[in-house]
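Geometric and topological summary
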Amino acid sequence: MEVLEREPQLGALSDYAADARVGHGRLVLVAGEAGAGKSTVVAELRRRARDLRWAEGACDGLSTPRPLAPLFDAAGQLGGDLLEACRRGAPRDRLFALLLDTLSAEPTVLVVEDAHWADESTLDLLRFLGRRIGRTPSLLVVTYRDDELGATDPLRLLLGDLALQRTTRRIEVGPLSAAAVGRLARGSGHEPSQVYRLTAGNPFFVTEVIRNGHHALPPAARDIVLARLARVSTPARHVAAAAAVAGAQIDPDLLGTASGATSGHLDELLDSGILRSDATGLRFRHELGRIAVQRQLPAHRRRDLHVRLLAAMIAHEIDDEALLAYQAEGAHDTDAVLRFAPLAGRRAAGLGAHREAAAQYERALRFAGGLDAGRRASLHAALGAELSLLDRWADAASAWETAHALYREIGNVRDAGDALRRLARVKWRLNQGPEAYRLSGAALELLEPLGESEQVARALVLHGMHELQQGHPDEALRLTDRAEMLAGRLGLPDVLADALDNRGTVLMTLGDPQWDGALRQALAISVTAGLDDQAGRAYANLVAGLVDEHRYAAAERAYLDGTAFCEDNDVSTYGVCLAGSRALMLTRLDRWDEAEAVASELLARPTLSPSNRFAPLVARGLSLVRRGDRSGEQALDEAVGHARATGEPTWLVETVLPRAEAHWLAGDRGRAARLLGDVLPLASSVNRPLGGSLAVWARRLDLPRPEGLADESLPLPVRHSLAGDHAAAARAWEEVGCVYEAGLAAWDGGADDDLRAALDRFDRLEAGPAARLTRRRMRERGLAKVSVGPRAATRAHPAGLTAREQEVLALIAMGLSNGEIAESLVISPRTVHHHVSAVLAKLGVTTRREAAQVAGRLGVVPAER
């Protein structure tokens, strides 16, 4: 059947292939609904670009997909070192590097189909290649269904990251027009308008209806597929049923063993269009077809087919543990599930496919009732480790609690103590600080009598961190010293790096200027030893400390280095921490639009752990309330609530300070003073810059100065304020780029000139609440010629967008890409990405097209024509 209305897409793909041939590789994202013809477009490109080497792979539609299925598919076609590495089970980092080397060696088109089903490790592979493909002479084509991606889908988050790359291109494959459907239906005996009405121009449905050959049009794709299946022989239908249960990729030999399929049966299914052949074997022509055939099978027939397929796979010595585990569960074969699912879990974890690893351990545990306590404990521990990497902290807590209880039941004290340590870490992530502190102490108490060990070293590090978080820096330093010595004796570079990281944060709390040296040493050890997690943590704490000390230029450099490291090494948790610190820095530098955009994007992430919500909540809340938007108070209230749950002094002060400021800006000085008074005793338990800010606000609200703060350890503008030299404080704040803080310092001065200087700064920033308080104070003092302030340029935006976000929305509606928006507004592509994410979230939509449509309805920009 001819390819219609796809020349724009094919022309663009041909152009991108030409770019690749001369060394300018491209990542092309091909989007469209199920049946839109994405694969047809790719197949037509292959026909036109025969001079290029091709490799294709597809993601599985199974409930627990095979990790890195597209890579292994492609390796079988590309051969060489990549194929050998796959066969010997090389680590995923090595596989990624070898695939990149292969794509760099000669012009290649690598196609990854059905990325909406991608496992976690395949998403990581696409991120890895997407950032590097521009340096190769190759084209990476990724197809996916855009109509099945929710706002929180991992692929949608990946697409947002890839959109920032200069080499990324997007192609949309939409439905056919009525004219095109009419052309295809010509001579079929079907009324073209009826075909178009039934199919809405979906090419797959159009093709199925026309091929169906009946005047009574089937009402759905399922009926179309089953109608075609009804026209083949009974033996061929049995083979099709086995193929549907076998999975997305079908081995003809395996199918023959399991179902008695002959070449004649397979030819019949291929000729009918139910199956198709490709470089990796057989597949259903469309996944909708496989699902339709599988779902119409009675439960007892599905189970029988799973039994047959499992036996055939074992007989053929197929070593795909994930597929074996899938067939074993379908066959209700307990022994086989317990044999293959844990193996599949370990393999998936080794490839970085942690969602799939967790699913395999959960599968094993569904069949583990008859296992002894030790094996069940190991499965729960393995599950807890994977869930912790997925931000599924509540589920991880349950897994570690069960593992700990089972280890205790069998008298395995060492593993019981280690499970307790892991549970303490999870509880901290759940903002249960006091419980985390109790558990880490109990773990150390349980493990220490067993003598020096890796488990004791790790417990010392964790409990040291919790001692600091509970406001006990001296005890934290003592435990850190012990952890460092033990890590050195046992040769544990990761524990040593974590201990040095602890030391840096403790020294900062104590006001020791050498704190960043310890963190940089931890970073150097981590990078040298390839410890991505520890390096990410060191970067995150270094940036947070530099921001707290108002060393913003150094913080920006460290942020850029750290973000690049986390992106290159897929350390997403600490990448989020870095983004949170940046949001706080932007807030303090009065870049409130940018701060809110970064914070809003972070808060929209469904997997954001409670502990990672603090910084974006504070940044968003302050950025709003300082400009008179009291909806920011909700974010600040949430932050305070989380902080109280942790019981940690740092978070209590970090969140109460902005909440007290919000009360003060709203005119409720008494409430601000009461809230702040509750945390004054914590001043000596937090880092000196934070304690200094607490002291300044205490003075502003006529509260006593907190005890335990040595002036020489405080930032310069804070020292000036506490000494009563508010003019010097204002100048010092200006020098580090904090105009709003300079205005507050001038307000504290209280003299006529001070108040005029404060008002000028607040008006320049459009900080309405602080400006109103200043005008009121000036009028109460009887000052003449108090300016009325800037007039609001526009009424409130109907969707709550900031001025910058309105500009971005208008450019989105004009069809501009992120790069083009960045050029137009003279901002970075990453900042544009944050703004676009915030706009989509505020409008309640998931695509740029929907945003443009909503903007038109709101009258914000001209409606689309």
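The numbers attached to residues start from 1 for each chain and follow its sequence in the written order. In view of the model being predicted, local features appear only for residues whose pLDDT reaches at least 70, and side-chain atom pairs are presented and counted only at 80 or more, with totals across whole chains, interfaces and linings using the full set of residues. Only hydrogens and water are removed before side-chain values are computed, so all heavy atoms of the structure are retained for them.

**A few points about the overall build of the chain**
Only DSSP runs of H or I covering at least 4 residues are called helices, and only runs of E covering at least 2 are called strands; the numbering of each starts at the N terminus. The number of helices and strands found in the chain is 45 helices and seven strands. Atoms considered for the radius of gyration are the C-alpha atoms alone. The globule rule reads 2.2 Å times the number of residues to the power 0.38. For the chain, the C-alpha radius of gyration of 31 Å lies close to 29 Å, the compact-globule estimate for 865 residues. Based on the C-alpha atoms only, the size of the chain along its principal axes is roughly 95 × 70 × 50 Å. Only protein chains enter the area calculation, which uses a 1.4 Å probe; residues under 20% of their type maximum are buried, those over 50% are exposed, and those in between are partly exposed. Here the chain holds 865 residues, and 57% of them are scored as buried. Throughout, a residue-residue contact means that at least one pair of heavy atoms, one from each residue, lies within 4.5 Å. For the chain, the proportion of contacts with a sequence separation of at least 24, taken over those separated by at least 6, is 65%. Total accessible area on the chain stands at roughly 35,200 Å², and carbon and sulfur atoms take up 49% of it. By the counting scheme adopted, Arg and Lys are positive, Glu and Asp are negative, and His together with the chain ends is not counted. Here the site of a charge means atom NZ of a Lys, CZ of an Arg, CG of an Asp or CD of a Glu. Here the chain contributes 105 positively and 115 negatively charged side chains, and the mean placements of these two sets differ by 4 Å. In this description, accessible areas are obtained by the Shrake-Rupley approach with a 1.4 Å probe, and a residue is regarded as covered only by the protein chains that are shown.

**Concerning the packing of helix H24 (residues 454-469) against helix H26 (residues 493-509)**
Between N-to-C directions, angles cover 0 to 180 degrees, with each direction set by a line fitted to C-alpha atoms, over the stretch in contact for helices. Running from N to C, H24 and H26 cross one another at 15°; their axes reach a closest spacing of 10 Å. Considering the angle they form, H24 stands roughly parallel to H26. The hand of the H24/H26 crossing is left-handed. Across the interface between the two elements, Ala457, Arg458, Val461, Gly464, Met465 and Leu468 from H24 touch Asp494, Val495, Asp498, Ala499, Asn502, Thr505, Val506 and Thr509 from H26. The cut-offs work like this: below 35 degrees is roughly parallel, past 145 is roughly antiparallel, 65 to 115 is roughly perpendicular, and the gaps in between are oblique. Here a crossing is taken to be left-handed if its near helix is turned anticlockwise relative to the far helix by less than a right angle, and right-handed if that turn runs clockwise.

**Section: the pairing of strand S1 (residues 26-32)**
The element S1 is largely enclosed, with a buried count of seven among its seven residues. With seven bridges joining them, S1 and strand S4 (residues 139-145) adopt parallel strand pairing. In the sheet register, Val30 faces S4, and the bridge partner there is Thr143. Here a strand pair is declared whenever DSSP counts at least two bridges between the two strands. As paired elements, S1 and strand S5 (residues 168-172) share five bridges and run parallel to each other. Bridge pairing links Val30 to Ile171 in S5.

**Here's the deal with the packing of aromatic side chains**
Only the six-membered ring of Trp is used, alongside the rings of Phe and Tyr, when aromatic pairs are assigned; centres must lie within 6.5 Å, and planes under 30 degrees apart are stacked while those over 60 apart are edge-to-face, with the rest tilted. In this structure the tally under the stated criterion is seven aromatic pairs. Between Trp592 and Tyr740, the ring centres sit 5.7 Å apart and the planes meet at 80°, which makes this aromatic pair edge-to-face. Pair noted here: Trp592 is in helix H31 (residues 592-603) and Tyr740 is in helix H39 (residues 739-749), with a separation of 148 residues, a long-range link. We note that Trp592, like Tyr740, is buried. Ring geometry for Trp664 versus Trp747: centroids 5.3 Å apart, planes at 85°, classification edge-to-face. Placement of Trp664 in helix H34 (residues 649-665) and of Trp747 in helix H39 is noted, with a sequence separation of 83 residues between them. With respect to class, Trp664 is no different from Trp747; both count as buried. Ring-pair connections join several aromatic residues into one group, and the members of that group are Trp592, Tyr740 and Phe762. The lysine or arginine in question, Arg700, covers the ring of Trp697, its NZ or CZ lying 4.5 Å from the ring centre. For the cation-ring pair, Arg777 lies above Trp747, with the distance from its terminal atom to the ring centre recorded as 4.4 Å. By definition, being over a ring means that NZ of Lys or CZ of Arg is both within 6 Å of the ring centre and within 35 degrees of the ring normal.

**Some points on the sheet that holds S4**
Strand pairing in a sheet relies on backbone hydrogen bonds. The paired strands run either parallel or antiparallel. Judged by pairing direction, the sheet is parallel, and its five strands sit side by side in the order S2-S3-S4-S1-S5 without closing on themselves. Two strands in the sheet have a free side with no partner beyond their single neighbour: strand S2 (53-58) and S5. Averaged over neighbouring strand pairs, the angle between their axes works out to 20° when direction is ignored. Taken together, the four bridges between strand S3 (residues 108-113) and S4 define a ladder with parallel strand orientation. Bridging from a neighbouring strand, Val112 pairs with Val142 of S4. Across the face of the sheet, helix H3 (residues 69-78) comes into contact with S2 and S3 while running at roughly 150° to S2. Sheet strands in contact with helix H6 (residues 120-130) are S1, S3 and S4, and its direction is about 140° off that of S4.

**A short note on the environment of Leu103**
Relative to the helices and strands, Leu103 resides in helix H5 (residues 92-105). If we ignore the near neighbours within four places in the chain, the residues touching Leu103 are Thr108, Leu110, Leu129, Ile133, Thr136, Pro137 and Ser138.

**Observations regarding the pattern of salt bridges**
Should a side-chain nitrogen of Lys or Arg be within 4 Å of a carboxyl oxygen of Asp or Glu, the pair is scored as a salt bridge. Scanning the entire structure with this criterion turns up 55 salt bridges. When the shortest N-O distance is used, the salt bridge between Asp124 and Arg92 registers 2.8 Å. Separated by 32 residues along the polypeptide, Asp124 in helix H6 and Arg92 in helix H5 bring together distant segments of the chain. Overall, Arg92 belongs to the buried group, its relative accessible area being 12%.

**A look at unusual backbone geometry**
Trans peptide bonds make up most of the peptide bonds, and negative phi angles are found at most residues other than glycine. Its identity is not glycine, yet His550 carries a phi of approximately 65°, on the positive side. Although it is not a glycine, Glu766 adopts a positive phi angle of roughly 55°. On the secondary structure map, Glu766 appears in the loop between helix H40 (752-765) and helix H41 (768-780). Using a relative accessible area of 59% as the deciding quantity, one classes Glu766 as exposed.

**Overview of helix H42 (residues 803-813)**
When we look at burial in H42, the residues that qualify are Glu805, Val808, Leu809, Leu811 and Ile812. For H42, the buried positions fall inside an angular range of 165° around the axis, keeping them on one side. Count one or two residues on from H42 and you reach Gly815, which has phi positive near 90°. It is the directions from the helix axis to the C-beta atoms that the arc portrays.

**A short note on the confidence of the model for the chain**
Put simply, the chain has an average pLDDT of 88, and 94% of its residues get 70 or more. The low-confidence segment residues 214-218 (pLDDT under 50) makes 12 contacts with residues lying over four places distant or belonging to another chain. Between residues 791-795, whose pLDDT stays under 50, and residues either more than four places distant or in other chains, the model counts zero contacts. One number per residue, pLDDT, summarises how confident the predictor is, and it ranges from 0 to 100.

**Quick notes on H6**
H6 sits mainly inside the fold: 11 of its 11 residues count as buried. Listed in full, the buried residues belonging to H6 are Glu120, Ser121, Thr122, Leu123, Asp124, Leu125, Leu126, Arg127, Phe128, Leu129 and Gly130. In the analysis that follows, any N or O atom pair within 3.5 Å is treated as a polar contact, provided that within protein one partner can donate a hydrogen and the other can accept it, and provided that, for residues neighboring in sequence, both atoms belong to side chains. Sitting at the head of H6, Asp119 places a side-chain oxygen 3.0 Å from the backbone nitrogen of Ser121.

**So, the nonpolar core**
What makes a nonpolar core is a set of buried Ala, Val, Leu, Ile, Met, Phe, Trp, Tyr and Cys residues whose side-chain atoms join them at distances within 4.5 Å. Formed by 96 residues in total, the largest nonpolar core has its most connected members in Trp664, Leu676, Leu694, Tyr740 and Phe762. Discounting residues that sit within four places of it in the chain, Tyr740 has contacts with Asp590, Trp592, Arg626, Glu661, Leu665, Phe762, Leu765, Ala767 and Ala770. Counting 80 residues, the second largest nonpolar core, distinct from the first, contains Val239, Leu254, Ala341 and Ala416.

**Regarding empty space enclosed by the protein**
Method remark: on a 1 Å grid restricted to protein atoms, a set of points is classed as a cavity if a 1.4 Å probe fits but cannot get out and as a pocket if it is open with protein on both sides within 12 Å along at least five of seven lines; lining residues have an atom within 4 Å of a point. Grid points are joined across faces, edges and corners, and a volume is the space filled by probe spheres set on the points. Evaluation of the coordinates by the stated rule reveals three cavities of 30 Å³ or more. Here the largest cavity defines a volume of roughly 440 Å³. Around the largest cavity sit 27 residues that line it, and Arg588, Arg626, Leu657, Ser693 and Glu741 are the ones nearest its centre. At the level of secondary structure, the elements contributing two or more residues to the lining of the largest cavity comprise helix H30 (572-588), helix H32 (614-625), H34, helix H36 (688-700), helix H37 (716-722) and H39. Here the nonpolar group is Ala, Val, Leu, Ile, Met, Phe, Trp, Tyr, Cys and Pro; Asp, Glu, Lys and Arg are the charged ones; every other residue, Gly included, is treated as polar. Its residues placed into classes, the lining of the largest cavity shows 14 nonpolar, five polar and eight charged. Approximately 80 Å³ is the volume attributed to the second largest cavity. Lining the second largest cavity we find Phe204, Glu208, Val225, Arg228, Gly273, Ile274, Phe284, Arg285, His286 and Gly289. Class assignment for the residues of the lining of the second largest cavity results in four nonpolar, three polar and three charged.

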